[in-house]
Amino acid sequence: MEKGWSHGRLPISENVEWEEFAKFWDDLPRDEYVQKSHGTTRHRRIGHLLARGGQDAGVTLERAPHGAFFQSSEINSVYGGQKRTFPPITDAAYDNLVFRAAVESDLHVVRRLEGDRPTWLVTVHMIRILASGDAASAPAPEGRHTDGHDYVIMHLINRRHCLGGLSRVYRKGGDRPALEHTLLEPMETLIVDDRTMEHEVSPIRPADGGVAVRDMMIIDFDRVTPGG
């Protein structure tokens, strides 16, 4: 991933457990933070994991305590500077084989990119964006941005009756996108080095007068310093 981003697709959407996994997005509470400041309709759960291990030992993936999600105002001009508390990912989702396979696959990518194999804090966001009627709904109301992590990996889970949702990836400070692409297939994936790249997603709107649905699983990776 020398260019700072990568696009591909994880084949795990073909697992027999996929339908059970995708149904977890039907149980996401409304994101009240985004409702207060934008017309976007977003539902969300969040979870935290620690990945530990080294070259001579297997990697362990353990749940970390649930806590608030914080971004500085320099990173997030819309929601930065506040501690946002979202409902936790459910035990059933944590234990789901597809959920574990996705996190472990992403962790493998990150650890391959970072040769020192540190401990990683892994933050998982399960997000649903809805749009109905004539209104558009912005998956990322903050526009072009970074998230303040080392790596961000974005998986499409589901997309129904949906127009828009064009993803753009930029090198920081660049004028032209390095990638413009609409995620369409289950587990189609974008990986970005959040230290060197920026990204944005265009608003969605209904394709046929129904309700547009765009479900995403976004996984953030932050290096944990020794003793942290």
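All values derive from a computational prediction rather than experimental measurement. (Residues numbered from 1 in each chain as written. Predicted model: local features only at pLDDT ≥ 70, side-chain atom pairs only at ≥ 80, totals over all residues. Heavy atoms only, no water.)

Quick notes on the packing of aromatic side chains
Taken as a whole and judged by the stated rule, the model has five aromatic pairs. Between Tyr94 and Phe99 the ring centres are 5.6 Å apart and the planes differ by 75°, which places this aromatic pair in the edge-to-face class. Considered together, Tyr94 and Phe99 belong to a single accessibility category, that of buried residues. On the numbers, 6.3 Å between centres and 65° between planes, the contact of Trp120 with Tyr151 is edge-to-face. Placement of the pair is Trp120 in strand S6 (residues 119–132) and Tyr151 in strand S7 (residues 151–160), with a sequence separation of 31 residues. (Phe/Tyr/Trp six-rings, centres within 6.5 Å; stacked < 30°, edge-to-face > 60°. Buried < 20%, exposed > 50% of the residue type's maximum accessible area, 1.4 Å probe, protein only. Helix = DSSP H or I, 4+ residues; strand = E, 2+ residues; numbered from the N terminus.)

Re the nonpolar core
Of all hydrophobic cores here, the largest spans 32 residues; its most connected members are Phe21, Phe99, Val103, Val122, Val124, Met217 and Phe221. Among the secondary structure elements, those contributing two or more residues to this core are helix H1 (18–22), strand S2 (41–52), helix H3 (91–95), helix H4 (97–113), S6, S7 and strand S14 (211–224). Sort the elements by how many residues they give to this core and H4 lands first, with seven residues. Core analysis: the second largest hydrophobic core is formed by 18 residues, Ile129, Ala131, Val192 and Ile204 among them. (Core = buried A, V, L, I, M, F, W, Y, C linked by side-chain atoms within 4.5 Å.)

A look at the pattern of salt bridges
Inspection of every chain in the model, using the stated rule, returns 14 salt bridges. Close ionic contact of Glu114 with Arg195 constitutes a salt bridge, the shortest N to O distance being 3.1 Å. Taken as a pair, Glu114 in the loop between H4 and S6 and Arg195 in the loop between strand S11 (188–193) and strand S12 (197–201) lie far apart in primary sequence, 81 residues in all. Residue classification places Glu114 among the buried positions, given a relative accessible area of 11%. (Salt bridge = Lys/Arg side-chain N within 4 Å of Asp/Glu carboxyl O.)

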